[in-house]
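Close look at the chain arrangement
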2 protein chains.
Amino acid sequence: MNLSDHYKSVGPWLNGSGPESDIIVSSRVRLARNIAGFLFLSSASQSQKKEIFEYIQNQIQSTKLNDDIWMMNINELGEVEKQILTERHLISRQLADGNNESGAAITHDETLSLMINEEDHLRIQAMSSGLQLHETYKKIVEIDNILEEKLPFSFSPQYGYLTACPTNVGTGIRVSVMLHLPALKISEQMDKVLRSAKDLGLAVRGLYGEGSEPVGDFYQLSNQVTLGKCENKIIDELIELAINPMIEYERRARQKLLEKKSVVLDDKIHRACGILSNARMISSDETLYMLSYIRLGIYLGRIQHISLETTNKLLLLTQPAHLQFLCQKNLTPNQRDEYRAELIREHINTH
Amino acid sequence: MNLSDHYKSVGPWLNGSGPESDIIVSSRVRLARNIAGFLFLSSASQSQKKEIFEYIQNQIQSTKLNDDIWMMNINELGEVEKQILTERHLISRQLADGNNESGAAITHDETLSLMINEEDHLRIQAMSSGLQLHETYKKIVEIDNILEEKLPFSFSPQYGYLTACPTNVGTGIRVSVMLHLPALKISEQMDKVLRSAKDLGLAVRGLYGEGSEPVGDFYQLSNQVTLGKCENKIIDELIELAINPMIEYERRARQKLLEKKSVVLDDKIHRACGILSNARMISSDETLYMLSYIRLGIYLGRIQHISLETTNKLLLLTQPAHLQFLCQKNLTPNQRDEYRAELIREHINTH
């Protein structure tokens, strides 16, 4: 089975089946690790980086993880494939764009990915559908343990795991969720929500991670500090102080809109449906805005013929590299808008 | 049969069956007449106006036209009904709003209407589908002759028919067509077209006549001067110098759009379809813009499930008084937008 067969579908972490999936699209946990006895990448020469890469690659392949992963050398991938992996949240932009001797190991269901020589020697990432941070953390701990048997991680009794960037020192953990908050946006409460997230020391980003602006009411929320707290406490605090309140506010805002502005809401939801089912050209941004209303319409029972899974899938498949891959040729921006509209119509009208 | 049953449908002049119906929605001819021996309305007292009204009413009722008309006293009509008749182009705003002793006689198929004591003692108006100015004129001449047997029209051998306003003196004729010119608008040629119409001494108005702005690519084009030319020449010139060139330019512009911007065009047409089939609130202006694209889509073969007749019918039924009549209650502007969307969905999705 070829990795590229996967690019037509999405992994279980995007299938809309997890808890609170109407608001929490997905959960993600990643750990930053470095190997004792090797220089940090910022100080390493190309040949040392190569040595690190090959060493880690070999060690991973000597574990039982090897049965279920694709191992790839980033430098051997084409531009479109690198971009596809980025769009699928399996590798970071930094890894895709970098010139390091670097690689990735990705499980067949795409819920686990290991990046070698990104910012740290090793990054371990796991993703799940809906709000499943504790479950995802449990899973990543297993993987971490399996790898630790083969790889001597740099660890200081005083500071914890040592990492290339000081913000990751300690647990080396970053915990994040992809949120969909349309009702808070419509009822103009997002500024307040974003401010309180900032006050809690959390980072809020757009759908496509670091450096991307929030579009279409989709956000990524993650912790920033990893030092001085244990992993479970970091996760607990994120859920209790930020995620649970946001879910509650969003649900309350949806209820209020339904009571006070039900026709206005129905109008927006059904128009979104009409536009996605009929447009012959559509931009990436307009797609996100329309999918946001469709998701809201599904939650409110206004839309029956489209599933959450389809909307999540379209979030991914309508991105530039996926479009080019699915269409099997290079596309100009105008052609992308045309093909995007076609792909959406196919999914909306038949799934 | 009650007149109000008619308000749910439209007369044959809007059924989209006439020549060039894709561009010329309808043709209209009206004659201005005054009765010899009575003062012009501007000089007449209320009791004299009443006398004129009753005299003309009686004379009309003594002709064979009486078998096929509703005769009505404007002052006895409710506000909504007066507005409905205005929206249906059967009476003018001036007649609906005026305080004269005035009336109207309308044939059951609504292709002929006689207004008593509008600006002149009598106005005779005939309407047909598509481009049928000569046919419509022939019909109105028959009516004019029938009436002239009973009514002594003021006529000067030197000037022709005498009218209240000097612009109508002579033939007393006004000839107009309702045009749909979406491609000229999209390809930014409307300014040029409007300028040349002005140079020809023609008036260009919006869909709802005098004082209305063109919205959604619908225009009314009419002659201004009626003195010094015979009726057939006025009609010939309007057709040859203005209407035929506009039809040709519009067709050429459509062809060009189809060749150069076919996807952009398809996108606009199908989005219009998606919006009209799905919106839960829609303004009158947006309706006109969307119906304009639907009409274009029908002509280009892009839309099969909606007929020209349905689009023409919706131009009428989606107006405020029609909405209130069909819904059988007074509606706020927001409620109108809701009910308009509902009415459109019913027509678009089932007809």
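Conventions adopted
Residues numbered from 1 in each chain as written. Chains lettered and ligands numbered in written order. Predicted model: local features only at pLDDT ≥ 70, side-chain atom pairs only at ≥ 80, totals over all residues. Heavy atoms only, no water. Helix = DSSP H or I, 4+ residues; strand = E, 2+ residues; numbered from the N terminus. Rg over C-alpha atoms; globule rule 2.2 N^0.38 Å. Contact = heavy atoms within 4.5 Å. Areas by Shrake-Rupley, 256 points an atom, 1.4 Å probe, with all protein chains shown as cover. Lys, Arg positive; Asp, Glu negative; His and termini not counted. Charge placed at Lys NZ, Arg CZ, Asp CG, Glu CD. Buried < 20%, exposed > 50% of the residue type's maximum accessible area, 1.4 Å probe, protein only. Buried area = accessible area lost by both parts, 1.4 Å probe. Salt bridge = Lys/Arg side-chain N within 4 Å of Asp/Glu carboxyl O. Polar contact = N/O pair within 3.5 Å; in protein donor to acceptor, adjacent residues only side chain to side chain. Axes fitted to C-alpha atoms, helices over the stretch in contact; angles between N-to-C directions. Parallel < 35°, antiparallel > 145°, perpendicular 65-115°, else oblique. Left-handed = near helix turned anticlockwise from the far one by under 90°. Nonpolar A, V, L, I, M, F, W, Y, C, P; charged D, E, K, R; others polar. Least-squares fit on C-alpha atoms with pLDDT ≥ 70 in both. 1 Å grid on protein atoms, 1.4 Å probe; cavity = no way out; pocket = protein on both sides within 12 Å on 5 of 7 lines; lining within 4 Å. Points joined across faces, edges and corners; volume = space filled by probe spheres on them. Phe/Tyr/Trp six-rings, centres within 6.5 Å; stacked < 30°, edge-to-face > 60°. Lys NZ or Arg CZ within 6 Å of the ring centre and 35° of its normal. Domains from an automatic or database assignment. Pairing = 2+ DSSP bridges.

1. A closer look at the overall build of chain A
From N to C terminus, chain A includes 13 helices and 10 strands. Taken over the C-alpha trace, chain A has a radius of gyration of 21 Å; the compact-globule value for 351 residues is 20 Å, and the two agree within 12%. Judged by the C-alpha coordinates and their principal axes, chain A covers about 65 × 45 × 30 Å. For chain A, contacts bridging at least 24 residues in sequence account for 72% of all contacts bridging at least 6. Of the roughly 14,900 Å² of accessible surface on chain A, a fraction of 47% belongs to carbon and sulfur atoms. Mean positive and mean negative side-chain charge positions of chain A (38 and 45 charges, respectively) differ by 5 Å.

2. Looking at unusual backbone geometry
Most peptide bonds take the trans form, and the phi angle of most residues other than glycine is negative. Backbone geometry places A:Glu110, a non-glycine residue, at a positive phi of 65 degrees. The topology assignment puts A:Glu110 in the loop between β3 (103–107) and β4 (112–116). Take A:Glu110: its relative accessible area is 2%, and that puts it in the buried class. A positive phi angle, near 65 degrees, is found at B:His89, a position not held by glycine.

3. Structural notes on the interface of chain A and chain B
At the junction of the two partners, chain A supplies 15 residues and chain B supplies 15 residues. A combined buried area of about 1,400 Å² lies between chain A and chain B, and 60% of that area is made up of carbon and sulfur atoms. One can count 2 salt bridges joining chain A with chain B. The partner of A:Glu286 in a salt bridge is B:Arg271, and the shortest N-O contact between them spans 2.8 Å. One can count 10 residue pairs in polar contact (both at pLDDT 80 or more) joining chain A with chain B.

4. Points about the packing of helix α10 (residues 284–299) of chain B against helix α11 (residues 308–317) of chain B
Residues and elements named next belong to chain B. Two elements in contact, α10 and α11, have axes whose closest approach is 10 Å; the angle formed by their N-to-C orientations is 165 degrees. When the interaxial angle is binned, α10 and α11 end up roughly antiparallel. Seen from above, α10 lies across α11 with left-handed handedness. Taking contact as the criterion, the partners of Leu288, Leu291, Ile294, Arg295 and Ile298 in α10 are, on α11, Leu308, Thr311, Asn312, Leu314 and Leu315. Residue classes in the contact of α10 with α11 are distributed as 7 nonpolar, 2 polar and 1 charged.

5. A closer look at the relation of the copies chain A and chain B
For the pair chain A and chain B, the relating rotation is 180 degrees, the translation along its axis is 0.0 Å, and the fit reaches an RMSD of 0.0 Å. Put plainly, the chains are arranged around a two-fold axis. Residue A:Gly274 of chain A places its C-alpha closer to the rotation axis than any other residue of that unit, at 2.0 Å. The fraction of interface residues of chain A whose copies in chain B are also interface residues reaches 100%, indicating that both copies meet through the same surface.

6. Focus: empty space enclosed by the protein
Residue and element names in this part refer to chain B. This structure, assessed with the given rule, holds 5 cavities of 30 Å³ or more. Considering only enclosed or pocket space, the largest cavity measures out at about 70 Å³ in volume. Lining the largest cavity are Trp13, Ser26, Ser27, Arg28, His89, Met127, Ser176, Val177, Met178 and Gln220. Secondary structure elements with two or more residues in the lining of the largest cavity: β1 (24–33) and β8 (173–180). Across the lining of the largest cavity, the residue classes break down as 4 nonpolar, 5 polar and 1 charged.

7. What about the packing of aromatic side chains?
Taken as a whole and judged by the stated rule, the model has 8 aromatic pairs over all chains. With 5.4 Å between their ring centres and 35 degrees between their planes, A:Phe38 and A:Tyr55 make a pair best called tilted. Residue A:Phe38 is found in the loop between β1 (24–33) and α2 (46–61), and its partner A:Tyr55 is found in helix α2; the two are separated by 17 residues along the sequence. A:Phe38 sits in the partly exposed class, given a relative accessible area of 25%. Between B:Phe153 and B:Tyr161, the ring centres sit 6.5 Å apart and the planes meet at 75 degrees, which makes this aromatic pair edge-to-face. In this structure, B:Phe153 and B:Tyr161 share a single accessibility class: buried. Here the aromatic residues A:Phe153, A:Phe155 and A:Tyr161 are joined through ring pairs into a cluster of three or more. Above the ring of A:Phe153, the side-chain terminus of A:Arg33 is found at 5.9 Å from the ring centroid. Its guanidinium or amino end placed over the ring of B:Tyr299, B:Arg254 lies 4.6 Å from that ring's centre, counting from NZ or CZ.

8. Overview of the domain arrangement of chain A
Residues and elements named next belong to chain A. Split into domains, chain A comes out as domain 1 (3–243) and domain 2 (262–350). Relative placement of domain 1 and domain 2: their C-alpha centres are 27 Å apart. Counting residues at the interface gives 27 residues for domain 1, matched by 22 residues for domain 2. Overall, the association of domain 1 and domain 2 removes approximately 2,500 Å² of surface from exposure, summing both partners, and the carbon and sulfur fraction of that is 69%. Taken together, domain 1 and domain 2 are joined by 0 salt bridges. Among the elements of the structure, α3 (79–87) and α6 (182–186) are those that each provide at least two residues to the side of domain 1 that touches domain 2. The greatest single-element share of the side of domain 1 that touches domain 2, amounting to 4 residues, is contributed by α3. Considering only residue class, the side of domain 1 that touches domain 2 consists of 13 nonpolar, 8 polar and 6 charged.

9. What about the sheet that holds β8(B)?
Residue and element names in this part refer to chain B. Read from one edge to the other, the open sheet built from 8 strands follows the order β2-β3-β4-β5-β1-β8-β10-β9, with strand pairing classed as antiparallel. One side of each edge strand has no neighbouring strand; the edge strands of this open sheet are β2 (69–73) and β9 (202–205). Taking the axes of each pair of neighbouring strands and ignoring which way they run, one obtains an average angle of 15 degrees across the sheet. Bridge count for β2 against strand β3 (residues 103–107) is 5 bridges, and the pairing is antiparallel. Looking across to β3, one finds that tryptophan 70 is bridged to isoleucine 106. Against the sheet, helix α5 (residues 133–148) contacts β1, β4 (112–116), β5 (122–129) and β8, and its axis sits at roughly 30 degrees relative to β1. Contacting β1, β8, β9 and β10 (218–223), helix α8 (residues 231–260) crosses the sheet at an angle of about 10 degrees to β8.

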